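A closer look at the structure
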Amino acid sequence: MKTVRLTEETIEYQGLTLLRIQALRDFTVQGMEVSAGEMGGYLEKERNLSQDDNAWVYGDAEVYGDAWVYGDAWVYGNARVS
């Protein structure tokens, strides 16, 4: 079962279009609860975030390029991972 979906909310960063994510199910990552429907950070593409684990991108954090967030990892704040 997928963990997130890409929404239509976008931002531009260095010529890339990044899409905000939304949680599709409840899960816990590093002791933090993520609820279905919760809005997260931004991805360039779906494969930047594992759909098989409890990884999450919070707030205004951005993940793009060949970066891949997986396992119980979480990216937050104003972080940019590429």
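This report concerns the structure included in the present document. (Residues numbered from 1 in each chain as written. Predicted model: local features only at pLDDT ≥ 70, side-chain atom pairs only at ≥ 80, totals over all residues. Heavy atoms only, no water.)

**With respect to the overall build of the chain**
Across its full length, the chain holds 0 helices and 9 strands. If you list the helices and strands of the chain from N to C, you get β-β-β-β-β-β-β-β-β. Here the chain has a C-alpha radius of gyration of 11 Å; the compact-globule value for 82 residues is 12 Å, and the two agree. Seen through its principal axes, the chain has C-alpha atoms that stretch 35 × 20 × 20 Å. (Helix = DSSP H or I, 4+ residues; strand = E, 2+ residues; numbered from the N terminus. Rg over C-alpha atoms; globule rule 2.2 N^0.38 Å.)

**Describing unusual backbone geometry**
In this structure, Gln-14 is a non-glycine residue whose phi angle is positive, near 45°. Residue placement: Gln-14 occurs in the loop between strand S1 (4–13) and strand S2 (16–23). Note on Gln-14: relative accessible area 66%, which makes it exposed. Phi is positive for Gln-30, which is not a glycine, with a value near 50°. Looking at the element boundaries, Gln-30 is found in the loop between strand S3 (27–29) and strand S4 (32–34). (Buried < 20%, exposed > 50% of the residue type's maximum accessible area, 1.4 Å probe, protein only.)

**Looking at the nonpolar core**
With 17 residues, the main nonpolar core has Ile-21, Val-34, Leu-49, Trp-56, Val-57 and Val-63 as its most contacted residues. Where this core is concerned, the elements lending two or more residues are S2, S3 and strand S6 (56–57). Those residues in contact with Val-63, other than ones at most four positions away along the chain, are Leu-18, Tyr-42, Leu-43, Glu-44, Asn-48, Val-57, Val-69, Val-75 and Val-81. (Core = buried A, V, L, I, M, F, W, Y, C linked by side-chain atoms within 4.5 Å. Contact = heavy atoms within 4.5 Å.)

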